[in-house]
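Observations on the model geometry
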Amino acid sequence: MAVKDRDRFSTATRLKLLGEQTAARVYRSQTKRQARRSRLTGRAALLALVLCTLVVALAYPIRQYVSQRAEISDLERQKQQEQEKVEQLRDLKARWQDDSYAEQQIRQRLHYVLPGETGYVVIDPDAAKQSRAELGAADRPWYTNVWDGVDKSDASDQ
């Protein structure tokens with residue numbers, strides 16, 4: 001037993017034990033470093049850089065493409081509306097070419113009557129006041145605005 005104790009405290013045994021411990025520590029740190037080591041290699045980093053560059057380079061043209069497609073669809077919709085309006089105006093023009101339609105519109109809008117007919121205009125005083133009040137200055141003929149101005153100035157003098 002004394003020999004064993006002496007070997008345990010000998011310098012050679014101590015150095016051997018210290019070397020084994022150091023080797024174990026180094027081995028553990030290497031395995032930890034490998035475990036912590038990132039899986040991002042140089043190739044993967046280069047691939048990520050290339051992809052990011054492509055995304056940045058293509059973002060503006062794609063945005064322009066999408067906005068131009070939206071503008072084209074808006075213009076096509078507007079063109080369709082204008083074509084419908086042209087068709088309505090053509091229909092209206094064709095109706096005005098018909099003498100019976102023109103006569104109907106003249107009688108209705110201008111209150112014309114045929115010879116031998118008697119025309120009547122029924123005026124409701126309340127409706128006339130309401131219609132004058134509802135009409136704005138821009139909606140009425142200019143001479144009505146002038147006459148209303150004269151009436152107002154006469155009313156203020158009295």
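Above this text you will find the structure in question.
Here we summarise the structure given alongside this text.

Analysis parameters
Residues numbered from 1 in each chain as written. Predicted model: local features only at pLDDT ≥ 70, side-chain atom pairs only at ≥ 80, totals over all residues. Heavy atoms only, no water. Helix = DSSP H or I, 4+ residues; strand = E, 2+ residues; numbered from the N terminus. Buried < 20%, exposed > 50% of the residue type's maximum accessible area, 1.4 Å probe, protein only. Areas by Shrake-Rupley, 256 points an atom, 1.4 Å probe, with all protein chains shown as cover. Expected span 1.5 Å × (residues − 1). Bend = angle between axes of the 7 residues up to and from the residue. Phe/Tyr/Trp six-rings, centres within 6.5 Å; stacked < 30°, edge-to-face > 60°.

When helices and strands are tallied, the chain shows six helices and zero strands. Going from N to C terminus, the chain has its helices and strands arranged as α-α-α-α-α-α. Counting every position in the chain, which comprises 158 residues, the buried fraction comes to 3%. As displayed, the chain offers around 15,200 Å² of accessible surface, 58% of which is attributable to carbon and sulfur atoms.

The end-to-end C-alpha separation of helix α3 (residues 42–97) is 82 Å, in line with the 82 Å expected for 56 residues at 1.5 Å each. At Ala59, α3 shows its largest bend, some 35°, and a proline, Pro61, comes one to four positions later.

Before going further, it helps to spend a moment on the packing of aromatic side chains. For any pair of aromatic rings, geometry is given as the distance between the ring centres together with the angle between the planes. A complete count under the given rule lists two aromatic pairs for this structure. For the ring pair Trp96 and Tyr101, a centre distance of 5.4 Å and an interplane angle of 80° mean the geometry is edge-to-face. The exposure class assigned to Tyr101 is buried, which follows from its relative accessible area of 15%. Each ring, one from Trp142 and one from Tyr143, has its centre 5.9 Å from the other, and the planes form 80°; the classification is edge-to-face. We note that Trp142, like Tyr143, is exposed.

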